[in-house]
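# Observations on the three-dimensional arrangement
What follows is the residue order along each chain.
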Amino acid sequence: MRPKLKTRLQQGFLWLVAVAFFLPVLWIFLAAFKTAGQILAVPPSWIFRPTLQGLTYMASHQAFWTHALNSVVISLSAVVLAIIVSFVAAYSFSRFRLRGTDFMMFVLLSIRMVPGAAVVVPMYLMYTALGWINTYPGIILFYTMFSIPFSVWILKGFIDGVSPRFDEAAQSDGASRLHVMFRIVLPQVLPGIVAAFIFNTIFVWNEFLFDFIIGGNQVATIPVALASGLYTSQGIDWQYIASLTFVYTLPLMVVIYFFQKYLLVGMTFGTVRGEV
Amino acid sequence: MSTLTVEKLKKRYGNKLVLDGVDLEVPPQGLTVIFGGPGSGKSTLLRIVAGLEAEDAGTVWLRGQDVTRAAPQDRRLAYVPQNFALYPQMTAFENIAYPLRLKRQPSSTIAPLVREIAQTLRIEDVLNQRPDQLSGGQKQRVAIARGLIKRADIYLLDDPLIGLDYKVRERLVEELRDLQERLGAIFLYATSDPLEALVLADFIVVLDQGRVVDSGQPNALYEAPRHLWTRLNLGFPLTNAVSGTLTKVADGWQVATPWFRTAVEIERPDDGERAVWATFRAERLTVDPPQDGSLLTFSAEIVLEEDIGAETVLYLVGGGTTLYSVVPHREGEAPKLGTVTVGLRPDDVMLYDSSTQMAMGRGVATDGRG
């Protein structure tokens, strides 16, 4: 087989797989612009006159605005808080090299590997005892805690790559340690910060289990709303589900499209920083 | 007490003792060079003085105060590191201005100061560029400017010209010398380059294996160093060192080497015969000297001539060792390889004890016996 033909066949196969995976997403995205009757039409209508009926219908639900706002506020607060704490922790792990640092780093990553289902019961009991169920600080703190280990790993890799000579030069110039951290080192690890931010945002934005268990009506995010809003007295409200899914997925897809190179550095803990 | 004094400084990295009880009193004015080979401890010494490294034992005194436990930012020193350590997110201007911004000086004061020092170091054209857009020489000048702009009374410069090409080094050495004279501050400058040390220094401190083995003014140290390491390393061209034996003879002391035998004057005579190093500088070794009874003369074979511009280095073999001689460059002459007569004034020979490596005495100007 000629090499050119072989390459084209391989590419064709890959496109086929990609389209197969994207098809359900496309279906739900198209459904967001269909009328309620068109959504479940058999066979599916691929060519249709788009309408904003579904999105308007969704926007008329007060609950949508509450859930959307919860998703944005909880995700951003938890991730920003996690990154601040992680940066300071990663700087300390990187620069002070205390005894047991490697073990601590291992433990940190291990925490992230624990399946959510394994900790959901103890977390529920703890949160009930503390009275943190269905509170903003409670759910934000939980997501912060869950985001810290991975962020520390990513950021430590980046901070290790910044020579301590910069810290020393700044200190002898008269800078305090805090100044060195935030004014000298932080600007040099911005790709790592962005990578950690995106990774954690994806995690928190998509998280369902813990918000469902230790959250509640007041702090319910879109994933919980999607699950609980599935059924109405008229059956499954596909128009609401499709519109909500579209609005919920689009921001993340846009962010990932523009910042995909940072996802790569995040996945490699900063070892391919040069790619950014 | 001097403005900068260190006492009994010790530092160990793992099993390696990097500083072994260093005592140092920096002269109150001028440029003091810490001269030593790689791994001699000079950078560690400067870093401890700057507060960037913790000592294992000893005390650092600055302006009469014990600052051993003080943070770097509280020592009020200017430090130029060996590597450039320019902050990549800042322009050259911002890098230089950084120490002044930390002192919260107004921008209207900072800008003229940055431009003044940039002009002195000839980097005013690159002030808006970031470090990755600068050449090695420009980076180092920016680093030096950042260190010098602080207007401290003590400046620590850790081999700041290392790795730069010869021309840039030569010019920067002159500029540093001028700056030091203008600022009138104490400059403590670490280098492993003997020429840089000799050209820059008002006072040289020699470090070897973490110990101060010599100190003094450049000329005195060049002519009569106390320690063998200084004798062999401070200066260019190379210094010859041949092993010999010191023995007592009827009318005094004599050293015998594979090349020559001569009477010597010993500083602290005792009765023991001992192994010594007889050393003499390459430029003091003359080839085919005129008849002169006061010279030590011996035969050697020139095996290689190395042209280094204005001078030629001759490699002489005989007696199981190699000697080096430096003679003025001979324009248009073909290399003269083969056996020649070599001459040396006996008082150009300095003796060092083989075991302690300390100076013992020197040859006595008398008739030589080849």
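Rules used throughout
- Residues numbered from 1 in each chain as written.
- Chains lettered and ligands numbered in written order.
- Predicted model: local features only at pLDDT ≥ 70, side-chain atom pairs only at ≥ 80, totals over all residues.
- Heavy atoms only, no water.
- Contact = heavy atoms within 4.5 Å.
- Buried area = accessible area lost by both parts, 1.4 Å probe.
- Salt bridge = Lys/Arg side-chain N within 4 Å of Asp/Glu carboxyl O.
- Core = buried A, V, L, I, M, F, W, Y, C linked by side-chain atoms within 4.5 Å.
- Buried < 20%, exposed > 50% of the residue type's maximum accessible area, 1.4 Å probe, protein only.
- Helix = DSSP H or I, 4+ residues; strand = E, 2+ residues; numbered from the N terminus.
- Expected span 1.5 Å × (residues − 1).
- Pairing = 2+ DSSP bridges.
- Axes fitted to C-alpha atoms, helices over the stretch in contact; angles between N-to-C directions.

At the junction of the two partners, chain B supplies 18 residues and chain A supplies 16 residues. Here chain B meets chain A over a buried area of about 1,500 Å², counting both sides, of which 56% is carbon and sulfur. There are 2 salt bridges connecting chain B and chain A. For Asp-173 of chain A, the salt bridge identified is with Arg-146 of chain B, shortest N-O distance 3.6 Å.

With that settled, the discussion passes to the nonpolar core. If you look at the biggest cluster of nonpolar residues, it comprises 53 residues, and the most contacted ones within it are Phe-87, Phe-142, Tyr-143, Ile-184, Val-189 and Phe-210 of chain A together with Tyr-87 of chain B. The leading source of residues in this core is helix H7 (residues 136–160) of chain A, at 12 residues. Excluding its chain neighbours within four sequence positions, the residues that come into contact with Phe-210 of chain A are Gly-116, Val-119, Val-120, Met-123, Ile-139, Phe-142, Tyr-143, Phe-146 and Gly-215 of chain A. Grouped together as the second largest cluster of nonpolar side chains are 48 residues, Ile-96, Ile-123, Val-126 and Leu-134 of chain B included.

Residues and elements named next belong to chain B. Given a rise of 1.5 Å per residue, 18 residues ought to cover 26 Å, and the 25 Å separating the end C-alpha atoms of helix H5 (residues 166–183) matches this to within 8%. Residues of H5 that are buried include every one of Val-168, Arg-169, Leu-172, Val-173, Glu-175, Leu-176, Arg-177, Leu-179 and Gln-180, and no others. Turning to H5, the residues buried within the fold contact strand S3 (31–36), helix H3 (107–120), helix H4 (136–148), strand S7 (154–158), strand S8 (186–191) and helix H6 (194–200). Backbone geometry just downstream of H5 places Gly-184 in the positive-phi region, at approximately 65 degrees.

Here we come to the sheet that holds strand S21 (residues 359–363) of chain B. Residues and elements named next belong to chain B. One closed barrel accounts for 6 strands, arranged S11-S12-S13-S21-S20-S14; its pairing is antiparallel. With direction set aside, neighbouring strand axes in the sheet form an average angle of 40 degrees. Both strand S20 (residues 350–353) and S21 contribute to a ladder of 3 bridges, which runs antiparallel. Bridge pairing in S21 links Met-350 to Arg-362.

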